[in-house]
Amino acid sequence: MPPARLFARYYVMAMVGAFIAFMPLGALILPQKIAMIAGIAGHGGPVRALSWLLVAGGVVAGLGNIAAGLASDRLYRARNSRRQMILAGLVVVAMAFAGLGAARSFGALMLAMLAFQLALNMLLAPLVALMVDYVPDRQKGAMAGWLGLALPAGSFSVTVLVALGAAWPIGLGGQLALTCVMVVLLVVPLIWRWPVPERIEQVSAAASGGGDAAPAPGLARNFALAWMARLLVQFAAAAILPYLYFYVADVARRGAGPQAIAEGVGILALAFALASIAGALGAGWLSDRLDRRQPVLVAAAGAVAAAMMLLATATSWPVIVAAYALFAAGLAGFLAVDSALVAQMVSASGRRATLLGVMNLTNTLPGIMAPAATLMIVGDGVGAAGMLTVLKLGAGGAIIAAVCGSRISLPTR
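So, how was this worked out
- Residues numbered from 1 in each chain as written.
- Predicted model: local features only at pLDDT ≥ 70, side-chain atom pairs only at ≥ 80, totals over all residues.
- Heavy atoms only, no water.
- Helix = DSSP H or I, 4+ residues; strand = E, 2+ residues; numbered from the N terminus.
- Buried < 20%, exposed > 50% of the residue type's maximum accessible area, 1.4 Å probe, protein only.
- Contact = heavy atoms within 4.5 Å.
- Areas by Shrake-Rupley, 256 points an atom, 1.4 Å probe, with all protein chains shown as cover.
- Core = buried A, V, L, I, M, F, W, Y, C linked by side-chain atoms within 4.5 Å.
- Salt bridge = Lys/Arg side-chain N within 4 Å of Asp/Glu carboxyl O.
- Patch = residues over 30% accessible without salt bridge, like charges linked within 9 Å, V, L, I, M, F, W, Y side chains within 5 Å.
- Phe/Tyr/Trp six-rings, centres within 6.5 Å; stacked < 30°, edge-to-face > 60°.
- Lys NZ or Arg CZ within 6 Å of the ring centre and 35° of its normal.
- Axes fitted to C-alpha atoms, helices over the stretch in contact; angles between N-to-C directions.
- Parallel < 35°, antiparallel > 145°, perpendicular 65-115°, else oblique.
- Nonpolar A, V, L, I, M, F, W, Y, C, P; charged D, E, K, R; others polar.
- Polar contact = N/O pair within 3.5 Å; in protein donor to acceptor, adjacent residues only side chain to side chain.
- pLDDT = per-residue confidence, 0-100.
- Expected span 1.5 Å × (residues − 1).

What follows concerns the overall build of the protein. Scanning the protein from N- to C-terminus turns up 15 helices and zero strands. Across the 413 residues in the protein, those meeting the buried criterion constitute 56%. Partitioning the contacts of the protein with sequence separation of at least 6, the portion at a separation of at least 24 is 85%. For the protein, the computed accessible surface area is about 16,100 Å², with 69% contributed by carbon and sulfur atoms.

The structure is reproduced here in structure tokens:
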């Protein structure tokens, strides 16, 4: 098998593993862990506890990803590889899972969550930079689409954990252990084989007679627009993804028992997984085929906005499932195309992992903004009404994201 194809296979597997590391946490594991800790009681208590965990974790994740990007760039220049950084990240992620399982108080859980965020970003920062290092611009849309499978795979892992919990009493410790095993099995092949093709800057230098590629005109403006668009779409995602368990319990299946709530989460997670596959692959392929990523980006942001408004207003379970699927397709498509756009923008820079760390703030800041908005709106009042208000804010932000995407003016390749 050609090195480029082998690299693509193992790279996608590793990114899937990284997403499985964190996606079950907010949707399933942390809510259960919070419920096991004495002292978190009262109306809205679990929602507030989860929000504080997400806010603090988001702050640490944002700073940690930039620091990890700087370290990854230095290693890349010194050792010509990001392999060692990825291995170190995997090891500390496994250790962080053990810390989450061992936490017996809210303070200990907070510390474990902060350690996990640092570890996760130590793994993610060098992984994300690999697309800029080794994937040509003309293939970035397709590769971003395949990498977009990490989002539905992470969601599907929630469904797997729910199904196993219904069939066997594996408990929370079993869920954490199984998640850790999946992450290790998916990331290790890339580290072990390391089948990387020739680096992009080497190909560019050979084609141009040497030297670095010139920065694309309007880089700062386009980067800022892409940054704002992703920030707003990710805010919409942060308004629903970590709160899915509570959305099902308080809105979609209000009054249902724990098993019915878990089954509802599993159904939505499965719908999310299937729709995300279509959204990521379809949007990535279409943006390569059109040789213009911006129209696809705008359409995907519009789909997110429509879905968020439906989730905030629908009362029928089938409509909620359909809306969540539309949200998944729009989100996965947006992230795939936006990732390809950003990778194309920063490919001429020697600080690509650092710039991607700055872009990663659009993933971590919404993880602070959405829980903070939930804390302010929910307060001591009715949790369901507060969550729905935050969903409507997410819909408005996605509309603004579509406008930002329409203003990006990259040249055709």
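Moving on, there is more to tell.
Okay, the nonpolar core next. The biggest cluster of nonpolar side chains holds 144 residues, and the ones touching the most others in it are Leu127, Met308 and Phe327. When near neighbours in sequence (up to four residues on either side) are disregarded, Met308 contacts Ala236, Ala239, Ile240, Phe327, Leu391 and Ala395.

This paragraph deals with the pattern of salt bridges. One pass over the structure, following the stated rule, counts four salt bridges. In this structure, Asp288 engages Arg293 in a salt bridge whose closest nitrogen and oxygen atoms are separated by 2.9 Å. Across the pair, exposure class does not vary: Asp288 and Arg293 are buried alike. Here the salt bridges do not stand alone but share partners, grouping Asp73, Arg82 and Asp133 into one network.

A cluster of nonpolar residues, Phe156, Leu270, Leu274 and Ile277, forms a patch on the protein surface that exposes about 350 Å² of accessible area. The element best represented in the nonpolar patch is helix α11 (residues 258–290), accounting for three residues. With respect to the helices and strands, Ile277 occurs in helix α11.

Attention shifts here to the packing of aromatic side chains. Note on aromatic pairs: each is described by the distance of the centres and the angle between the planes. Applying the stated rule across the entire model yields eight aromatic pairs. With centroids separated by 5.2 Å and ring planes inclined at 20°, the aromatic side chains of Phe7 and Tyr11 adopt a geometry described as stacked. Pair noted here: Phe7 and Tyr11 are both in helix α1 (residues 3–36), with a separation of four residues, about one helical turn. We note that Phe7, like Tyr11, is buried. In this structure an aromatic cluster arises from ring pairing among Phe7, Tyr11 and Tyr134. The ring centre of Tyr76 lies 4.1 Å from the NZ or CZ of Arg82, which sits over that ring. Over the ring of Trp317 we find Arg253, and its NZ or CZ is 4.4 Å from the ring centre.

Okay, the packing of helix α3 (residues 83–102) against helix α7 (residues 171–193) next. Axis separation between α3 and α7 bottoms out at 10 Å; the angle between their running directions is 175°. By the angle between their directions, the pair α3 and α7 is classed as roughly antiparallel. On α7, the residues touching Arg83, Ile86, Leu87, Leu90, Ala94, Phe97, Leu100 and Gly101 of α3 are Leu176, Thr179, Cys180, Val183, Val184, Val187, Val188, Leu190, Ile191 and Trp192. Class assignment for the residues of the contact of α3 with α7 results in 15 nonpolar, two polar and one charged.

Attention now moves to unusual backbone geometry. One non-glycine residue, Asn80, lies in positive phi territory at about 65°. Mapping Asn80 onto the fold places it in the loop between α2 (45–79) and α3. Residue Asn80 is classed as partly exposed on the basis of its relative accessible area, which comes to 42%. With phi around 45°, Trp194 is a residue other than glycine that occupies positive phi space.

Before going further, it helps to spend a moment on the environment of Ala4. With respect to the secondary-structure elements, Ala4 resides in helix α1. For the pair Ala4 and Val135, spaced 131 residues apart in the sequence, the C-alpha separation amounts to 8.6 Å.

As for its placement among the helices and strands, Gly89 is situated in helix α3. Put simply, Gly89 and Leu118 are 29 residues apart on the chain and 9.0 Å apart in space, counted from C-alpha to C-alpha.

Here Ser157 is to be found in helix α6 (residues 150–167). Ser157 sits in the buried class, given a relative accessible area of 2%. Looking at Ser157, its side chain comes within polar contact range of the main-chain oxygen of Gly154, at 2.5 Å.

Moving on to the side chain of Ser81. If you trace the backbone, Ser81 turns up in the loop between α2 and α3. For Ser81, the side chain forms a polar contact with the main-chain nitrogen of Arg83, separated by 3.0 Å. Ignoring sequence-local partners within four residues, the contact set of Ser81 consists of Leu75, Tyr76 and Trp194.

Glancing now at the confidence of the model for the protein. Of all residues in the protein, 90% have pLDDT values of 70 or greater, and the mean over the chain is 84. Contacts of residues 203–215 to residues separated by more than four positions or lying in other chains number six contacts, the stretch itself having pLDDT below 50.

This part covers α6. For an α-helix the count is 3.6 residues per turn, leaving residues at separations of three or four pointing the same way. An ideal rise of 1.5 Å per residue puts 26 Å on 18 residues; α6 measures up with 26 Å between its terminal C-alpha atoms. For α6, the full list of buried residues reads Ala150, Leu151, Pro152, Gly154, Ser155, Ser157, Val158, Thr159, Leu161 and Val162.

We now examine the environment of Gly386. On the secondary structure map, Gly386 appears in helix α15 (residues 383–406). Judged by relative accessible area, Gly386 falls into the buried class, the value being 4%. In sequence terms Gly386 and Thr374 are 12 residues apart; their C-alpha atoms lie 6.6 Å from each other.

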